[in-house]
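Tertiary structure, described
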Amino acid sequence: RSQQVACGPPNVDPQLCVANGCCVDVTTSQCYYPLDACTADGHFVFSIYRTSTKPEIDPSSLVIAGNHSCVPVICTPDFAVFKFPVTGCGTRVFTVAETTIYLAEVRGLVRGIQQMYGQITRDGPYRFHVECRYSKGNLASTGYFVVNPPPPSAALAFGWLGVRLRIATDASYTSFYPQSHLPLSFLLRSKVYLEVQLVNPPNPSVVLLVHYCIAYPRSSRAAWVIIYEGCPNILDYSGAAGLHVKYNNMPVSKHTRRFEIEIFQFLDYKTKQRLDEEVSLIVVQ
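The structure presented is a predicted model; accordingly, all values stated were derived computationally and were not measured.

Criteria and cut-off values
Residues numbered from 1 in each chain as written. Predicted model: local features only at pLDDT ≥ 70, side-chain atom pairs only at ≥ 80, totals over all residues. Heavy atoms only, no water. Helix = DSSP H or I, 4+ residues; strand = E, 2+ residues; numbered from the N terminus. Contact = heavy atoms within 4.5 Å. Areas by Shrake-Rupley, 256 points an atom, 1.4 Å probe, with all protein chains shown as cover. UniProt positions renumbered as here; feature names shortened; annotations may be inferred. Polar contact = N/O pair within 3.5 Å; in protein donor to acceptor, adjacent residues only side chain to side chain. Core = buried A, V, L, I, M, F, W, Y, C linked by side-chain atoms within 4.5 Å. Buried < 20%, exposed > 50% of the residue type's maximum accessible area, 1.4 Å probe, protein only. Pairing = 2+ DSSP bridges.

What follows covers the overall build of the chain. From N to C terminus, the chain includes one helix and 23 strands. For the chain, restricting intrachain contacts to residue pairs at least 6 apart in sequence, the fraction spanning at least 24 positions comes to 57%. When the accessible surface of the chain is summed, it comes to about 16,500 Å², and 55% of that surface belongs to carbon and sulfur atoms.

This chain's UniProt record puts "domain: P-type" (unreviewed entry) on residues 1–35. Secondary structure across residues 1–35 comprises 17% helix and 11% strand; the distance between its end C-alpha atoms is 11 Å.

Turning to the environment of Asp 13, a few remarks are in order. Position of Asp 13 relative to the elements: it lies in the segment before α1 (14–19). Through-space distance from the C-alpha of Asp 13 to that of Gln 30 is 9.8 Å; in sequence the pair is 17 residues apart. Here Gln 15 takes part through its backbone nitrogen, which lies 3.0 Å from a polar atom of the side chain of Asp 13.

In this section: the nonpolar core. If you look at the biggest cluster of nonpolar residues, it comprises 21 residues, and the most contacted ones within it are Phe 44, Phe 46, Ile 48, Leu 62, Phe 82, Phe 84 and Val 106. At the level of secondary structure, the elements contributing two or more residues to this core comprise β4 (43–49), β5 (62–64), β7 (79–85), β9 (99–108) and β12 (127–135). For this core, the element with the most residues is β12, which contributes four residues. The next biggest cluster of nonpolar side chains, apart from the first, holds 17 residues, and it includes Val 192, Val 196, Leu 208 and Ile 263.

Moving on, we come to the environment of Leu 182. Along the chain, Leu 182 turns up in the loop between β14 (162–168) and β15 (191–199). For Leu 182, a relative accessible area of 46% gives the class partly exposed. Leu 182 sits 15 residues away from Ile 167 along the chain, and the two C-alpha atoms are 9.9 Å apart.

A separate point is the sheet that holds strand β17 (residues 224–228). Reading across the sheet, the four strands line up as β18-β17-β16-β23 and stay open at both edges, with antiparallel pairing between neighbours. Here the strands that pair on one side only, and so sit at the sheet edges, are β18 (231–232) and β23 (279–284). Of the pairings in the sheet, the one linking strand β16 (residues 212–217) to β23 comprises six bridges and is antiparallel in character. Looking at β23, one finds that Tyr 216 is bridged to Ser 280.

The backbone of Cys 89 sits at a positive phi, close to 60 degrees, despite the residue not being glycine. By secondary structure assignment, the location of Cys 89 is in the loop between β7 and β8 (92–96). With a relative accessible area of 13%, Cys 89 lands in the buried category.

Structure (structure tokens):
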């Protein structure tokens, strides 16, 4: 109950509460949103726990990237609960076929402590991507990705999988750039080799499928779908993206997918000038 976020006005009719996609506490008759869900009325509602990462995160330091006024609606020393509209708090919006995708990013503020000879901090870097997908106005699915620091080396619980995205140094995929080297710089039209991999899957029969890969600049003034439903974007006439189930005539593990892209740069929609900004990649499995 300490994590319940009220849905609708007080004393709302229980049947109306359920019809709106919310839940009813049978003891208190409280109508509240389901947690970790994309709601029928178009809201992100999710929780982040202090122990979600190592080192542990301070829930009071969490904000929505791009809009630091978007803070948790419930915050304790152990967890933070966020609730905000999918169109608010600076979310990024993409349209893939008939599906609208909303992406938000939670960041941990790095707070400095002033000392005589400089500043220090004990806040570790933290980024958490939350995604909602709506198809033709109906809830399709929801996904949560911890992208920094990397996912744990073992499954957290039954049904949870760790997934990591790495950039290989060359086409052999034998060595990878460490996270400390990001962001990377490449020449235009040079190739980048990416690998998506399940980390210690609890069930060896699990198969990793890549649904789509989206690139966007830091300002979110543009976006490009590189891979859609496991295939290169048919609107990319250069054929600059490729997804490999087999590579160098050798089958790739069913827990791994590899693909390569040719480096491109975003242009300003109005001026057609190059946007000198970092480009981020989101891969949805």
